[in-house]
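# Geometric and topological summary
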Amino acid sequence: MRAPSGPEIAAGDVLLAVESVSLSFGGVKAISDVSFDIRKGEIRAIIGPNGAGKTSMLNVINGFYHPQKGRITFKGQTRSKMRPHEAAYGGIARTFQNVALFKGMTALDNIMAGRTLKMKRNMFWQLLRAGPALAEEVEHRHAVEEIIDFLKIQEIRRTPVGRLPYGLQKRVELGRALAMEPELLLLDEPMAGMNLEEKEDMSRFVLDVNDHFGTTIALIEHDMGVVMDLSDRVVVLDHGIKIADGTPDVVKKDQAVIDAYLGVAH
Amino acid sequence: MLYREVGQFKTSYAQDMAIFPIRQDRIALWLTLAIAFIVVPLLDIFQIWPFKGEYLIRAILIPFLILALAAIGLNILTGYCGQLSLGSGAFMAIGAYSAYKFVTGVSIMALHIPPLPVFISIILGGFMAAFVGILFGIPSLRIKGLYLAVATLAAQFFFDWLFIRVKWFTNYTSSGSVAAPDPLIFFGYPVTRPVEKYLVCLIVVTAFALLAKNLVRGNIGRQWQATRDQDIAAELMGIRPLYAKLSAFAVSSFFMGVAGALWAFVYLGAWEPLAFNIDRSFQILFMVIIGGLGSILGSFLGAAFILVLPILLDQVPHALGIPITVETVSLLVFLIVGALICWLLIVEPHGFARLWGTAKEKLRLWPYPY
Ligand SMILES: Nc1ncnc2c1ncn2[C@@H]1O[C@H](COP(=O)(O)OP(=O)(O)OP(=O)(O)O)[C@@H](O)[C@H]1O
Ligand SMILES: [Mg+2]
């Protein structure tokens, strides 16, 4: 497996750079000539009105969509195309706007599935579930239980996730992404559809992940309060075009951003 | 307090991950195994009802075990990995005919393989089925659901045709029907009496069920289920669809191949391609749906149901003095199985196994509703 491992990136240096990326679906231009970067250790918000191209941007970053133009540099390696599982190997994990959990599996198994890439024992040992394979299961179970404790979802470990309420599903999905111990975590509206209390919990988790594990986070969020509180820098998209980029304070006062959100025609 | 886990503390994750973490389940398992391995043979030796004669063992228990093995195979592919297959019969046939060729010796041009022992031939039959399974699994990387089912249906018809038309597979017998070695010799012991055949099947099926259970609760099993539930999310987490799907096809076909070889050698003794036609594929599929998609236990429950239903429908009315013709019985079987499948697919896609699981959950909370 060609894991784009590359050199170690120090905190504050550019971890991921997107350069003049354009993506269209047939006639629909989802992203036009967008450039920005994400620095190691920061929380980078991507905001914009509906249909601005935010989700498409995440899909480009983790190799699910291949942009027609532009380059992406991750950990010093530049590429225009990569397979999704290569992104996963490289240390990019994500959650989805519409929860994409493995519905038939328990919360525990969902999070364990996040460790697939780290598990190396071959089918022979797994058949016997003995020796190295069992040791490996136990080792990863420990790591997963830490995540379960961290997210405070101990009671639901054995529940098939399809039966969980939406807020908890989002939490399990975050757990599954964390299980990959990613270097870059992409969160697509992790707080959508949550009540105030759930939003506060989720914000806490996002900050803690960033603090404790030093995980770099790209966050798409519609709630401006949350964005202002959590993020170090914000990039604003509108109709696939980048219209602002900077600290929350700067972006908040930007005229183009205010217009975009108020729906001023351009 | 009959079915509670209260007071059973687990002190390590290894214990928590044991095959049946709850003590009552473990006891039930050991009891079942004890009955299967000890009580049944004893009853047979002393010819105690209902084991008088050989009917129960020969006509019910042996086919039950072998078809349960095939159902486990299909369940791995369809229940765990979400790839619908109508080709179970074909993979069983590949196992059966390959085992037959190995046991009678193969020579293809310069390659001469001497006749191999029965057990090794059966296992090699499984490997041949696995190999073909991988080939027929390749389309699954591009097509899904019903379209894949049609592709596996094509495999079914192709192999039906192949084993009828290409005489090499049947060693040019004039009738097209072939026979397994008689007596069957397993590790030096001739296996002739039904109870001996039963024990051979029981050992193989128990071992394979355990291996299957290990796989589905391990890393590869999670990859199968992840691919089934959310293939895109799975791929973005680094689970390669190629590996997940093809390994499911391989393991599944291996199980079906071994089941086919056992079916031919141990149950039928002599057979023709008709034994593995599309009806067989549907029979296995119904077992899996009724027993429970994504459950090893369900594969056994489904096999038991499909086999026992016609017998019950045949015997019970007779016992009650109600005259019932063979045609009526088979019609009733169709009706009941059909209605049950519709009902399960709508209400409880996880079949009997889930109903059982729900019952256990209720029992755990009993007498409180929640
Ligand atoms: N797979 C696709 N096929 C066709 N068009 C697509 C596809 N994915 C996105 N688009 C289009 O690209 C544009 C950007 O969509 P995207 O989902 O990235 O927006 P978004 O900023 O995430 O919006 P929202 O806030 O509603 O989630 C939209 O016009 C959308 O219809
Ligand atoms: Mg979106």
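Just so we're clear, the structure is a prediction, and the values are computed from it rather than from any experiment.

Our next topic: a nonpolar patch on the surface. All names here are of chain B. Together, Ile35, Phe37, Ile38, Val39, Leu42, Ile45, Phe46, Ile48, Trp49 and Ile203 give the surface a local cluster of nonpolar side chains, amounting to about 1000 Å² of exposed area. With six residues, helix 2 (residues 23-45) is the largest single contributor of residues to the nonpolar patch. Relative to the elements of secondary structure, isoleucine 35 occurs in helix 2. What makes isoleucine 35 partly exposed here is its relative accessible area of 44%.

This part is about the coordination of the magnesium ion (ligand 2). All names here are of chain A. The coordination sphere of the magnesium ion (ligand 2), as far as protein atoms go, consists of Thr55 (OG1) and Gln97 (OE1), spread over 1.9 to 2.1 Å. Placement of threonine 55 in helix 1 (residues 54-61) and of glutamine 97 in the loop between strand 6 (92-94) and helix 3 (107-113) is noted, with a sequence separation of 42 residues between them. Judged by relative accessible area, which is 29%, glutamine 97 ranks as partly exposed.

Turning next to the domain arrangement of chain A. All names here are of chain A. Each domain of chain A was delimited in the assignment, giving domain 1 (1-91 + 182-266) and domain 2 (102-180). Measuring from the centre of the C-alpha atoms in domain 1 to the corresponding centre in domain 2 gives 26 Å. Counting residues at the interface gives 17 residues for domain 1 and 12 residues for domain 2. Carbon and sulfur atoms supply 77% of the area buried between domain 1 and domain 2, which totals about 1300 Å² over both sides. Contact with domain 2 buries area across many residues of domain 1, yet Pro182, Met202 and Phe205 alone supply 36% of it, more than any other trio. Linking domain 1 with domain 2 are one salt bridge. For the salt bridge of arginine 171 with aspartate 201, the shortest nitrogen-to-oxygen distance reads 3.4 Å. Our count for the contact surface shared by domain 1 and domain 2 stands at two residue pairs in polar contact (both at pLDDT 80 or more). Listed by contribution, the elements that provide at least two residues to the side of domain 1 that touches domain 2 are helix 2 (84-90), strand 7 (184-188) and helix 7 (196-213). Ranked by residue count, the leading element in the side of domain 1 that touches domain 2 is helix 7, at six residues. Within the side of domain 1 that touches domain 2, the residues separate by chemical class into 11 nonpolar, one polar and five charged.

In this section: the pairing of strand 4 (residues 69-74) of chain A. Residue and element names in this part refer to chain A. Relative to strand 4, strand 1 (residues 14-25) runs antiparallel, the two sharing five bridges. Looking across to strand 4, one finds that serine 22 is bridged to lysine 69. Judged from the three bridges that link them, strand 4 and strand 5 (residues 77-79) form a sheet pairing that is antiparallel. By the bridge assignment, threonine 73 is partnered in strand 5 with threonine 78. Joining the antiparallel neighbours strand 4 and strand 5 is a turn of two residues, in which lysine 75 adopts a positive phi near 50°.

Calculation criteria
- Residues numbered from 1 in each chain as written.
- Chains lettered and ligands numbered in written order.
- Predicted model: local features only at pLDDT ≥ 70, side-chain atom pairs only at ≥ 80, totals over all residues.
- Heavy atoms only, no water.
- Patch = residues over 30% accessible without salt bridge, like charges linked within 9 Å, V, L, I, M, F, W, Y side chains within 5 Å.
- Areas by Shrake-Rupley, 256 points an atom, 1.4 Å probe, with all protein chains shown as cover.
- Salt bridge = Lys/Arg side-chain N within 4 Å of Asp/Glu carboxyl O.
- Helix = DSSP H or I, 4+ residues; strand = E, 2+ residues; numbered from the N terminus.
- Buried < 20%, exposed > 50% of the residue type's maximum accessible area, 1.4 Å probe, protein only.
- Donors = N, O, S within 2.8 Å, 3.2 Å for Na, K, Ca; no water.
- Domains from an automatic or database assignment.
- Contact = heavy atoms within 4.5 Å.
- Buried area = accessible area lost by both parts, 1.4 Å probe.
- Polar contact = N/O pair within 3.5 Å; in protein donor to acceptor, adjacent residues only side chain to side chain.
- Nonpolar A, V, L, I, M, F, W, Y, C, P; charged D, E, K, R; others polar.
- Pairing = 2+ DSSP bridges.

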